[in-house]
Amino acid sequence: MIVVGSGLSGAGAASTLGELGYDVHCFCYQDSARRAHSVAAQGGINAAKNYQHDGDSVYRMFYDTLKGGDFRSREANTYRLAELSAPLIDHYVQQGVPFAREYGGTLVNRSFGGVQVQRTFYARGQTGQQLLLATYSQLYKMVKAKKVTMHARSEMMDLVTIDGKAKGIIVRNLVTGQLERYAADAVVLATGGYSRVFRLSTLAIGCNGSAIWKAHKKGAYFAGPSFTQIHPTALPQSSEAQSKLTLMSESLRNDGRIWVPKAKNDTRIANDIPDEERDYYLERRYPSFGNLAPRDIASRAAKERIDAGYGVGRLKNAVYLDFKHAIERLGLETIQDRYGNLFKMYKKITGIDAYKQPMMISPAAHFSMGGLWVDYELMTTVKGLYAIGECNYSDHGANRLGANSLLQASVDGYFILPNTINNYLVGEMKNEHPDTAHSAFDDAEKETKAFIDKILAIDGTKTVDHFHRELGKVMWQECAMSRNEEGLKKAIAQIEQIKTAFWSDVKVTGGDGLNTELEKAYRLADFIELGILMCTDALQRNESCGAHFREEFQSYEGEAVRVDEDYSYVSAWEYNKGDFKLHKEELEFEFVEPTVRSYK
Amino acid sequence: MKVTFKIWRQEDQNSKGELNTYPVEGLTEDMSFLEALDHLNEELVIKGEEVIAYEYDCREGICGQCGVFINGRAHGPHDHMTTCQLHMRSFKDGDTIVVEPWRAKSFPIIKDLIVDRSAFDRIIEQGAFISSKTGTAPEANAIPIPKAVSDRAMDAAACIGCGACVATCKNSSAALFTSAKINHLNSLPQGKAEQHERVNAMTWQMKEEGFGSCTFTGACEIECPEGISLINIAEMNARKLKSLFFGD
Ligand SMILES: Cc1cc2nc3c(=O)[nH]c(=O)nc-3n(C[C@H](O)[C@H](O)[C@H](O)COP(=O)(O)OP(=O)(O)OC[C@H]3O[C@@H](n4cnc5c(N)ncnc54)[C@H](O)[C@@H]3O)c2cc1C
Ligand code: SF4
Ligand code: FES
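Conventions adopted
Residues numbered from 1 in each chain as written. Chains lettered and ligands numbered in written order. Predicted model: local features only at pLDDT ≥ 70, side-chain atom pairs only at ≥ 80, totals over all residues. Heavy atoms only, no water. Disulfide = S-S within 2.5 Å. Buried < 20%, exposed > 50% of the residue type's maximum accessible area, 1.4 Å probe, protein only. Near = heavy atom within 4 Å. Polar contact = N/O pair within 3.5 Å; in protein donor to acceptor, adjacent residues only side chain to side chain. Areas by Shrake-Rupley, 256 points an atom, 1.4 Å probe, with all protein chains shown as cover. 1 Å grid on protein atoms, 1.4 Å probe; cavity = no way out; pocket = protein on both sides within 12 Å on 5 of 7 lines; lining within 4 Å. Sits in = over half its atoms within 2 Å of the grid points. Helix = DSSP H or I, 4+ residues; strand = E, 2+ residues; numbered from the N terminus. Nonpolar A, V, L, I, M, F, W, Y, C, P; charged D, E, K, R; others polar. Core = buried A, V, L, I, M, F, W, Y, C linked by side-chain atoms within 4.5 Å. pLDDT = per-residue confidence, 0-100. Salt bridge = Lys/Arg side-chain N within 4 Å of Asp/Glu carboxyl O. Contact = heavy atoms within 4.5 Å. Buried area = accessible area lost by both parts, 1.4 Å probe. Domains from an automatic or database assignment.

1. A closer look at the state of the cysteines
The term disulfide refers to a covalent linkage connecting the sulfur atoms of a pair of cysteines.
Residues and elements named next belong to chain A.
Here comes step 1: A complete count under the given rule lists zero disulfides over all chains for this structure.
Here comes step 2: Considering cysteine sulfurs only, Cys-26 is the nearest to Cys-28, which forms no disulfide, with 6.9 Å between them.
Here comes step 3: For Cys-28, a relative accessible area of 5% puts it in the buried group.

2. What about the site of ligand 1?
All names here are of chain A.
Here comes step 1: As a matter of local geometry, ligand 1 sits amid 38 residues, with Ser-9, Gln-30, Ser-38, Glu-390 and Leu-406 nearest to it.
Here comes step 2: Between ligand 1 and the protein, one listed contact pairs a nitrogen atom with a backbone N or O atom of Gly-44 at 2.8 Å.
Here comes step 3: At 2.6 Å from an oxygen atom of ligand 1 is found a side-chain nitrogen or oxygen belonging to Glu-390.
Here comes step 4: For ligand 1, the accessible surface in isolation is 1,000 Å², of which the surrounding protein chains cover 98%.
Here comes step 5: For ligand 1, the cavity whose grid points lie within 2 Å of the majority of its atoms is the largest cavity.
Here comes step 6: When residues of the shell around ligand 1 are traced back to their parent elements, those giving at least two are α1 (8-19), β6 (154-162), β15 (359-368) and α10 (405-428).
Here comes step 7: Taken together, the residues that form the shell around ligand 1 break down as 16 nonpolar, 19 polar and three charged.

3. Some details on the nonpolar core
Here comes step 1: Among the nonpolar cores identified, the biggest contains 209 residues, and Ile-45, Tyr-92, Phe-99, Ile-169 and Leu-189 of chain A together with Phe-5 and Phe-33 of chain B are the most heavily contacted of them.
Here comes step 2: Ranked by residue count, the leading element in this core is helix α14 (residues 516-540) of chain A, at 13 residues.
Here comes step 3: Core analysis: the second largest hydrophobic core is formed by 32 residues, Leu-235, Leu-282, Ala-293 and Tyr-599 of chain A among them.

4. What about the confidence of the model for chain B?
Here comes step 1: In the predicted model, chain B carries a mean pLDDT of 97, and 100% of its residues have values of at least 70.
Here comes step 2: For this predicted complex, the interface confidence reaches an ipTM of 0.98, while the overall pTM sits at 0.97.

5. Examining the pattern of salt bridges
Any two side chains of opposite charge can pair if their charged atoms end up close together.
Here comes step 1: One pass over the full model with this rule turns up 68 salt bridges over all chains.
Here comes step 2: Its salt-bridge partner being Arg-239 of chain B, residue Glu-235 of chain B comes within 2.8 Å of it at the nearest N-O pair. Taken together, the residues span about one helical turn, with Glu-235 of chain B and Arg-239 of chain B both in helix α8 (residues 231-246) at a distance of four residues.
Here comes step 3: For Glu-235 of chain B, a relative accessible area of 24% translates into the label partly exposed.
Here comes step 4: Residues joined in a network through salt bridges with shared partners are Asp-70, Arg-72, Arg-541, Glu-543, Arg-562 and Asp-564 of chain A.

6. Details of the interface of chain A and chain B
Here comes step 1: Counting residues at the interface gives 78 residues for chain A, matched by 75 residues for chain B.
Here comes step 2: Of all residues in chain A, the largest losses of buried area upon contact with chain B belong to Arg-35, Gln-94 and Lys-348 of chain A, amounting jointly to 11% of the total for that side.
Here comes step 3: If you look at where chain A meets chain B, you find eight salt bridges.
Here comes step 4: Between Arg-314 of chain A and Asp-30 of chain B there is a salt bridge, with its nearest N and O atoms 2.9 Å apart.
Here comes step 5: Counting across the interface, chain A meets chain B through 49 residue pairs in polar contact (both at pLDDT 80 or more).
Here comes step 6: When contributions to the side of chain A that touches chain B are tallied by element, the ones reaching two or more residues are α1, α3 (75-94), α4 (127-144), α9 (332-350), α10, α12 (464-478) and α14 of chain A.
Here comes step 7: A total of ten residues in the side of chain A that touches chain B trace back to one element, the largest contributor, which is α4 of chain A.
Here comes step 8: For the side of chain A that touches chain B, a count of residues per class yields 24 nonpolar, 32 polar and 22 charged.

7. Digging into the domain arrangement of chain B
Residues and elements named next belong to chain B.
Here comes step 1: By domain assignment, chain B separates into domain 1 (3-111) and domain 2 (118-246).
Here comes step 2: Between the C-alpha centres of domain 1 and domain 2 the distance comes to 29 Å.
Here comes step 3: If you look at the interface, domain 1 gives 20 residues, while domain 2 gives 21 residues.
Here comes step 4: When domain 1 packs against domain 2, close to 1,400 Å² is buried across both sides, 57% of that on carbon and sulfur atoms.
Here comes step 5: Contact with domain 2 buries area across many residues of domain 1, yet His-80, Ser-106 and Phe-107 alone supply 36% of it, more than any other trio.
Here comes step 6: Linking domain 1 to domain 2 there are one salt bridge.
Here comes step 7: When the shortest N-O distance is used, the salt bridge between Glu-223 and Arg-73 registers 2.9 Å.
Here comes step 8: Taken together, domain 1 and domain 2 are joined by eight residue pairs in polar contact (both at pLDDT 80 or more).
Here comes step 9: Of the residues assigned to the side of domain 1 that touches domain 2, the class counts are nine nonpolar, seven polar and four charged.

8. As for the environment of Leu-587 of chain A
Residue and element names in this part refer to chain A.
Here comes step 1: For Leu-587, the position within the fold is in the segment after β20 (579-586).
Here comes step 2: Sequence separation between Leu-587 and Gly-331 is 256 residues; the distance between their C-alpha atoms is 48 Å.
Here comes step 3: With sequence-adjacent residues up to four places away left out, Leu-587 is seen in contact with Phe-71, Arg-72, Ser-73, Arg-74, Ser-568, Tyr-569 and Val-570.

9. Some remarks on the site of ligand 2
All names here are of chain B.
Here comes step 1: Within the structure, ligand 2 sits among 13 residues, and Cys-159, Cys-162, Gly-163, Cys-165 and Cys-224 are positioned closest to it.
Here comes step 2: Breaking the shell around ligand 2 down by element, the ones donating at least two residues are α4 (164-168) and α5 (175-187).
Here comes step 3: Its residues placed into classes, the shell around ligand 2 shows eleven nonpolar, two polar and no charged.

See below:
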């Protein structure tokens, strides 16, 4: 069995498959499995435990998730997510995750955006780290048991299919540059999100879309590629040279209040602006959810204020997140206990003490709801190829609720895949094990080698980062928080130009051994193509839903207008020699009547 | 802003390395230290030279992949900070900045500033887990854990596995890293069943990998980005002793 990725989904799947007795090979591009980007999640993980007796239930969580996703996901998947959430917390506690506790020793919860109950479990501001380290430990438990072989610094370059079935992968050893072949009865992709297509995002620098893109080119449909979440509370960009945006956990919105000055170009420092001259715009527009409005809505509202000229900070690209009232109400100590490490991190990066002045925050690309299309068993349209965690399109629809994706990645890996994959393997393992000497491996390896050699041979005049910045600008401008037909058409043309320029003018020095510049280059080459598909997808969807906001489809109050009659489907794209063919999976709602998603 | 970087270049583990000098202009105080190196690398590419190899991933202080010596200090001039969190405002215009890889026998250099820290994974492999299979867990609130116990476990569990503690230690000891993991698991009720085996297996592997012994100089604690306390090492030693009496 091959598992590509060692995040919550990949490491969870690899260790559990190992426990079931399979012989597993797990791959990651970092130097250790423990560094997968799941490690960076701060806020928490949701579960319908109803520990707080505030009326939570599996049904309620299912409903919140479906509604949060603006009714663009399958009911059955979403229900399963909610159902498996409670046992997952049991599972993590048993693995030694030090979740926050009450003085009496029971588990604590807090609330997160888009939800009115407290169902989020957390470990300080390092929940993802604690879950990942627990999962990594389980992975190494199975390495010790000799059921899992871990390949770090190993990047999947291509998928190998034999008779239309996934049978292996081509891997580049990032230390030696050698191409290696691995064969298996099934291949599981758990490669995380692709928001680095925007260049500036909350993702790690190495996060890529390459593995799923290569699989897409080998026949796996790509679903909802344009559904990408822009997070409302990241640190603003401060210079052109910036390489990433740091997230400030959404949990801060539990106690922090978001505002901008009522007057344009107000140059006073934040603390000098009296309350009546502040516009708490989320509380004003969405009185019942206020600062806890879902991410897409909070991001768009911030963009609206910033674009209208009310932004703050040196580049006028930010809004305030203020803890003054919370500190008055709850005391400094409580705020320190809840968010201490986030305030520390804010200070390290900006040099500002947020206990004394409000934070400045800004929207940033953060999560991909889109990904490889999977059926209820998490199998893609290529037989024997599975996609789990953030790299698939499954439970979140057009917008993901905070703290639901650590959950999704975990249950995909630990609970769902190790059960469903047997249905396929039962038939498949009767056949002979695939052999890396098969001509399909020769072909795939040759293709990969040609791809790398071609990049190295261009010897142009511009750096990889130059092209990534260009791509990022176009994607952020036209395919992020707000989109329109004209802009998307223009974006596609511009990305085509970037593609041509990249393939004729990029310069990568060094050879095909350890070469970090080369790694960036081949990942970018795939991002460029993915960018075109994202714009194509956004263009075909003539409605606004969740994170996909088409300016032509909004109410007079500026709220999203969904068009259920025509667009109640998941778009699943087939790759066809550089073109994309649309397939539609109609969504049927048996239990919930899709309503207008209101958080007012 | 203008600085002069002196950076360690080394082709691979077996070749000899040296410090090369790179004057860099056009930096700003807002840039992170790694962005300044990115900037330098872009210049090198344009000049047709091979880029400097250094490590990072999250660039927000949590993955533990970054880490170099900067002017003789692990992760740079500040206490409790990762390399990726360092910003150029911590340097003065015209400064010379010496950048070297982690130096420890158990962390062989792979190229330039990149080292091999897989020894850490092998220490984890020996026992940093609770042996219960997926699907066998009891209800989460069935075992109450006092907040103080859970908080202490969390303090220890926060280690990001960067290796600064080893790199900065004159004995190249991995005691801070190893003890943090042992104390995290051994202090929780779920981890108790295997506590003695864990402490023995992990400390044994630590020696096996060639890490030195701890002589309590405390240098590691200061460089540790997560502020993992030195007390962890004393606690680990106590646990080791306890296992002699109570382990089997
Ligand atoms: C800053 C931040 C904060 C977040 N906070 C929260 C939160 O509070 N709550 C929540 O629920 N969700 C949160 N999320 C989302 C959540 O963390 C992720 O969606 C989830 O962890 C993804 O897990 P994964 O297993 O799918 O992927 P990842 O953890 O990203 O793992 C991907 C793995 O794939 C490997 N890989 C990738 N490409 C290749 C390749 N080509 N070859 C080989 N290996 C490859 C990587 O090495 C890595 O091991 C946050 C996300 C970010 C970025
Ligand atoms: S103990 Fe601290 S310095 Fe050592 S590896 Fe862990 S986080 Fe890094
Ligand atoms: S790059 Fe992740 S900790 Fe520095």
